[in-house]
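The primary structure of each chain is shown beneath.
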Amino acid sequence: MRFLSRADEILLLAVLRLKENAYGVPIVKEVEKRTGKKITFGGLWVQMDNLCKKGYITKTIADPTPERGGRGKIYYTLTHKGEKALEQVRELNSSLWEDIPGSLKKPISD
Amino acid sequence: MDRAKVKPPGFPRWIFSHFASSQEKMTVVGDLDEYFFEIVDEKGKNRAIMWYWGQVLKSLPLIIKHTIYRSYIMFRNYLKISLRNLQRNKGFSVINILGLSIGIASCLLILLYVRFESNYDTHHKDHERIYRVALSSKSGASEQLYASIPNKHALVFKDVYPELEEVVRFGKQSSMQAVKYRDKHFYESDVMIMDQSGLEVFNIPFVNGDPSTALLRPFTAILTEEFALKYFGNENPIGKIISLDTTGYEITGVVKKPPTNTLLKFDMIVSFDSIDDHRRNNWFCPVYIKLRGEADVEVFENKIKAFPRDYAETEEDRNTEDTLFLQPLKDIHLSSNLIWEPHPPGNPMYVYIFMVVGVFIMMIAGMNYMNLSTARSMNRSGEVGLRKVVGAHRKQLIIQFMGESLLLTFIATVFAFLLLALSLNFFNSIGETEFRIADLLQSDIIAGSIVIFILIGFVSGSYPALFLSAFKPVSVLKGGNIKGMKGTLVRKALVVGQFAISITLIIGTLIIFKQLDYMKNMSLGFNKEQKIVVSFLGNATIGANYQNVKDEFLQHPSILGATAASNVLGRWQIRWQVWPSGQREERGQTVNFLMIDRDFLSEYEIEIIEGMGFAREPNINQPDGFLINEAAIGAFGWNSPQEAIGKGLWDRDSEIIGIMKNFHFSGVQSAIEPYVLLLSNEQFRYITLRIDTENLSETVSFIENKYSELFQNQPIDYFFLDEDFDKQYRSEERTANIFTMFTILGLFIACLGLFGLASFMAQQRTKEIGIRKILGASSNSVIILLIKEFVRLVGLGIVISWPLAYFSMSIWLQNFAYRISPGWISFIAAAFMALTIAVLTVIYQSYRAAS
């Protein structure tokens, strides 16, 4: 399995955190909160569709509500494969950053 | 904030939904709306609206790009699967593609041919404005139409009609001319004469020389490249003198050979001013005009109608009832058959026949494809079931199968072009055409093939697509055998249809050949066998010496008889105005006419039914006399042979001295027309020698030597009369050949289909066969069982084809004045052939299955 890209990782983690509330608006807000970057809703949909085709998440289309002017929502949930991918990235991260001191200016070897 | 008061901006919303309207993509709009309200709360309406715009403008391109990408991926997948399918079922695929290719190739070929025949002379610039001026002349009780008019008129036209851009005279002065340059010396039949204006009106590309002056001066000429090669080899002909009969002409240009589909064929053209004075005043030749762009053709036609009257030269001519009319250049080939027509007309009937044949072949091939794919589809029911389970919609499946069908058809079309390119030479020899590969790449042919390919792809693919996508996943995955009663019925109907068409074609071919054979061997009423005709034209005239010339040839022991005449039986006959003496107005007719010597009747064994004819021995003291055939009697208004004897013709002293039994002097396609023969001793151009066929080559050498002895430096032209006579049937022969070819193709495709189908059915029924064998049936009986089924289908095809063939052949046969009746044999033979072939095809498969 290939490693997740940074962007994938961020989105998947957002889905993980938001649990049942993982749809368009909250995801965008969460991503902005964590990274400071604003993504567009259209762009989000495209990336989520890609992730879905890769098998990391599944989509569920919910019924339209009046507040949304009669349009439905898409809820995303993490799949098993998605979970494993996140685990993998977490391990990768810790393995990469193992023993790296807090401030990078200090020499590595002790 | 009251949500009712503020609404998300409609315009960007509308833009979005215009480009991304699926339910799923619209959720994005939902998200936008939701967030929109939050921003309104936080930052106010205007910021919110700006934000909304920003989102839409940034998101849309991404979404659109993504959608396109997804579609492309899907398309690629389908392609992969389709190709893999083709690989797996190599046998089927090959058969399918081959059959379809042949069908498409045939269709394209026919398209080429139809286009060729309908586009005579369209290569000239502005050909829609070019017309031939023809003459309608009333004399006596009849109206005659002439393709040639007095050439002097052309000069007047130019002066008095401002609507004309150009006027061109283009004709042939004599059917054969002796052309000579140094030691190259031949008789040529395509030497034409034309005004310089012709070079401006007609598309005659120059290879060498100046088109604006080439035919300006008298005694100049232009040649085609091939002609120049023949006489000048590699020398540059420009400036050199070539002689025609005895006159010299300066070569002023070398041009490209005209295409085959033109009325204006030539090897060499001389300038019109070279014409001699006698001809200049009296000669009739084809005259072509080009109208100016702004001229109204109908108005002009009315004007020129009255020309003979308006511009008559004498008082009495002013009373003429002759009128002129226009014929559009392009339409002449297929629809014009006037007197003095320079070339025999094409027959639109054959164009239609071939179009029908093309459609037939296409139907066979298409049916084939449908059959084989539905058969194959049984194997794919599993795939369909699976796809449906994982969520494919019926629409997607339809698209997939339709796509496969189109892919296959596309491959078949490409292959068809290849096939055609390779076999073009072969077709050209059968059909006497001159198609080249470049013709295949014309835009309308390509457009036609695209239409064909899409049509077939869709029609053939529709059945499998609709049929397959309707499979219910559950029943399929359970592994049950899809019975599909309806499917089998359709397939059987297709096989029946294919064979019906093939058998009809076979019957048609057989009948055509039969008719052809009949025409060739029919008793003509005169004897054309064992005759060699020698031409004496141009400078090799025999004039009053004809008897001496005959005697010279008769010296040879194998030459048993000789006779002289002005023309040759079976060729285009000269027609003259003939009338009973004193009755020119009421009874004048334009009839076929021939001048003969005293030996003619006996040499050709023509039967006389009334009158004395001539004594069998030549009697030099006999005065001129006319002989007419039975058909002429009524034409001149007499009621019986006896009444006609002794009457005069042409206001001459000679009278009718004999009535001939009707004989077919110009082939058996048409009814016998009136024929008038004049016993004479002048103007003979052909001598017919009756020969003993033993030692033929020796006799021929004698003839050649004797000729050059009598006429030094003149090329000899001679031919066998029976071969020459049969040339008339060329177009029918050509049709027969083409028909045969297509029939074979059609049958081949049908058998391919049968082959594939049989093997498939055998495969399907292995279980059933196995059971039968266990229960004790022998291999043979099983084979017979399978064969019986197919035979039944072919039989049905036969039954359908018979009435169809009978009906259409009867219509075709009506074109011939003398025809066979269709007869039983062809029908039975065709049925027998089809059955045999079908059985053989199926036997092989059944045998394999049953073992």
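Rules behind the numbers
- Residues numbered from 1 in each chain as written.
- Chains lettered and ligands numbered in written order.
- Predicted model: local features only at pLDDT ≥ 70, side-chain atom pairs only at ≥ 80, totals over all residues.
- Heavy atoms only, no water.
- Helix = DSSP H or I, 4+ residues; strand = E, 2+ residues; numbered from the N terminus.
- Buried < 20%, exposed > 50% of the residue type's maximum accessible area, 1.4 Å probe, protein only.
- Contact = heavy atoms within 4.5 Å.
- Areas by Shrake-Rupley, 256 points an atom, 1.4 Å probe, with all protein chains shown as cover.
- Phe/Tyr/Trp six-rings, centres within 6.5 Å; stacked < 30°, edge-to-face > 60°.
- Pairing = 2+ DSSP bridges.
- Salt bridge = Lys/Arg side-chain N within 4 Å of Asp/Glu carboxyl O.
- Polar contact = N/O pair within 3.5 Å; in protein donor to acceptor, adjacent residues only side chain to side chain.
- Axes fitted to C-alpha atoms, helices over the stretch in contact; angles between N-to-C directions.
- Parallel < 35°, antiparallel > 145°, perpendicular 65-115°, else oblique.
- Left-handed = near helix turned anticlockwise from the far one by under 90°.
- pLDDT = per-residue confidence, 0-100.
- Nonpolar A, V, L, I, M, F, W, Y, C, P; charged D, E, K, R; others polar.
- Expected span 1.5 Å × (residues − 1).
- Lys, Arg positive; Asp, Glu negative; His and termini not counted.
- Patch = residues over 30% accessible without salt bridge, like charges linked within 9 Å, V, L, I, M, F, W, Y side chains within 5 Å.

**A few points about the overall build of chain A**
A tally of helices and strands in chain A yields four helices and two strands. Along the chain direction, N to C, the helices and strands of chain A fall in the order α-α-α-β-β-α. The buried share of chain A, reckoned over its 110 residues, is 37%.

**A closer look at the overall build of chain B**
Counting secondary structure elements, chain B contains 29 helices and 25 strands. Restricting the contact set of chain B to residue pairs at least 6 apart, pairs at least 24 apart contribute 79%. For chain B, the computed accessible surface area is about 40100 Å², with 57% contributed by carbon and sulfur atoms.

**Here's the deal with the packing of aromatic side chains**
Residues and elements named next belong to chain B. Under the criterion given, the structure shown has 37 aromatic pairs over all chains. Ring centres 6.0 Å apart and planes at 40° place the aromatic pair Phe157 and Tyr161 in the tilted group. Since its relative accessible area comes to 0%, Phe157 is described here as buried. Among the residues examined, Tyr161 registers a relative accessible area of 3% and is labelled buried.

**With respect to the pairing of strand E19 (residues 589–596) of chain B**
Looking down a regular strand, the side chains alternate between one sheet face and the other. Residue and element names in this part refer to chain B. With seven of eight residues buried, E19 is to be regarded as a mostly interior element. Both strand E18 (residues 575–578) and E19 contribute to a ladder of four bridges, which runs antiparallel. What sits directly across from Gln577, in E19, is Thr590. For E19 and strand E23 (residues 675–679), the ladder comprises five bridges, and the chain directions are parallel. Across the sheet, residue Ile596 finds its bridge partner in E23, namely Leu679.

**Section: the interface of chain A and chain B**
You'll often see interface size given as the accessible area lost when the parts meet. Facing the 24 residues of chain A at the interface are 24 residues of chain B. At the junction of chain A with chain B, the criterion picks out three salt bridges. Notably, a salt bridge pairs Arg70(B) with Asp49(A), separated by 3.6 Å at the nearest N-O pair. Across the contact surface, chain A and chain B share eight residue pairs in polar contact (both at pLDDT 80 or more). Secondary structure elements with two or more residues in the side of chain A that touches chain B: helix H2 (24–35), helix H3 (41–54) and strand E1 (57–61) of chain A.

**Side note on the packing of helix H1 (residues 10–19) of chain B against helix H2 (residues 23–43) of chain B**
All names here are of chain B. At their nearest, the axes of H1 and H2 sit 9 Å apart, and the two run at 165° to each other. Relative to H2, the element H1 is oriented roughly antiparallel. Seen from above, H1 lies across H2 with right-handed handedness. Touching Arg13, Phe16 and Ser17 of H1 are Lys25, Met26, Val28, Val29 and Asp33, all from H2.

**Some details on the pattern of salt bridges**
Residues and elements named next belong to chain B. Taken as a whole and assessed by the stated rule, the structure comprises 30 salt bridges over all chains. Of the charged contacts, one joins Lys256 and Glu225 as a salt bridge, the two residues approaching to 3.4 Å between their closest N and O atoms. Here the residue Lys256 occupies a position in the loop between strand E11 (247–255) and strand E12 (268–271), and Glu225 occupies one in helix H7 (residues 225–232), the gap between them amounting to 31 residues. For Lys256, a relative accessible area of 42% puts it in the partly exposed group.

**Quick look at the confidence of the model for chain B**
All names here are of chain B. On average, residues of chain B score 80 in pLDDT, and 90% of them reach the 70 mark or higher. Residue range residues 615–619 is modelled with pLDDT below 50. Its contacts to residues more than four positions away, or to other chains, number five contacts. As a predicted assembly, this complex carries a pTM of 0.66 together with an ipTM value of 0.86.

**A short note on the packing of H2(A) against H2(B)**
Two numbers describe how H2(A) lies on H2(B): the axes approach to 8 Å, and their chain directions differ by 60°. It follows from the interaxial angle that H2(A) and H2(B) lie oblique. Here H2(A) contributes Gly24(A), Val25(A), Lys29(A) and Glu32(A) to the contact with H2(B), which in turn contributes Asp31(B), Glu34(B), Tyr35(B) and Glu38(B). Residues that form the contact of H2(A) with H2(B) fall into these classes: two nonpolar, one polar and five charged.

**Quick look at helix H1 (residues 6–18) of chain A**
Since one α-helical turn is 3.6 residues long, residues separated by three or four positions face the same way. Residues and elements named next belong to chain A. In this model, H1 (13 residues) spans 18 Å end to end at C-alpha, consistent with the 18 Å of a helix rising 1.5 Å per residue. Taken as a whole, H1 has its buried residues at Asp8, Glu9, Leu11, Leu12, Ala14, Val15 and Leu18. The elements touched by buried residues of H1 are H2, H3, E1, strand E2 (74–78) and helix H4 (80–97). Lys19 lies just past H1 and shows a positive phi near 50°.

**Considerations on unusual backbone geometry**
Look at Asp99(A): it is not a glycine, yet its phi comes out positive at around 65°. Mapped onto the elements, Asp99(A) comes out in the segment after H4. Owing to a relative accessible area of 66%, Asp99(A) belongs among the exposed residues under this scheme. Positioned with a positive phi, Asp126(B) is a non-glycine residue whose angle comes to about 55°. For Asp126(B), the position within the fold is in the loop between helix H4 (90–118) and strand E1 (130–139).

**Side note on H2(A)**
The terminal C-alpha atoms of H2(A), which comprises twelve residues, lie 17 Å apart, in line with the 16 Å expected from a rise of 1.5 Å per residue. Among the residues making up H2(A), those that are buried are Gly24(A), Val25(A), Pro26(A), Ile27(A), Val28(A), Glu30(A) and Val31(A). On its buried face, H2(A) sits against H1, H3 and E2 of chain A together with H2 of chain B. With its phi angle positive at about 85°, Gly36(A) sits one or two positions after the end of H2(A).

**Considering the side chain of Lys73(A)**
Tracing the chain through its elements places Lys73(A) in the loop between E1 and E2. For the buried residue Lys73(A), which engages in no salt bridge, the nearest side chain bearing the opposite charge is Glu34(B), 4.5 Å off. Polar side-chain contacts of Lys73(A) include one of 3.4 Å to the side chain of Tyr23(A).

**Focus: the environment of Asn705(B)**
Structurally, Asn705(B) can be placed in helix H24 (residues 696–710). Separated by eleven residues in the primary sequence, Asn705(B) and Ile716(B) have C-alpha atoms spaced 9.7 Å apart.

**Remarks on a nonpolar patch on the surface**
Residues and elements named next belong to chain B. A cluster of nonpolar side chains, Ile437, Leu441, Ile446, Ile450, Ile454, Leu455, Phe458 and Val459, forms an exposed patch at the surface whose accessible area comes to about 710 Å². Per-element accounting of the nonpolar patch gives the leading share, six residues, to helix H16 (residues 443–469). Looking at where Ile446 falls in the secondary structure, it is placed in helix H16. With relative accessibility at 32%, the residue Ile446 sits in the partly exposed group.

**Thoughts on the environment of Thr413(B)**
Residue position: Thr413(B) is located in helix H14 (residues 394–431). With residues up to four places along the chain from it excluded, the contact list for Thr413(B) reads Ile104(B), Ser449(B) and Phe453(B).

**Brief notes about the environment of Arg182(B)**
Tracing the sequence through the fold places Arg182(B) in the loop between strand E5 (177–181) and strand E6 (184–188). Between the C-alpha atom of Arg182(B) and that of Ser243(B), which follows or precedes it by 61 residues, the distance is 9.3 Å.

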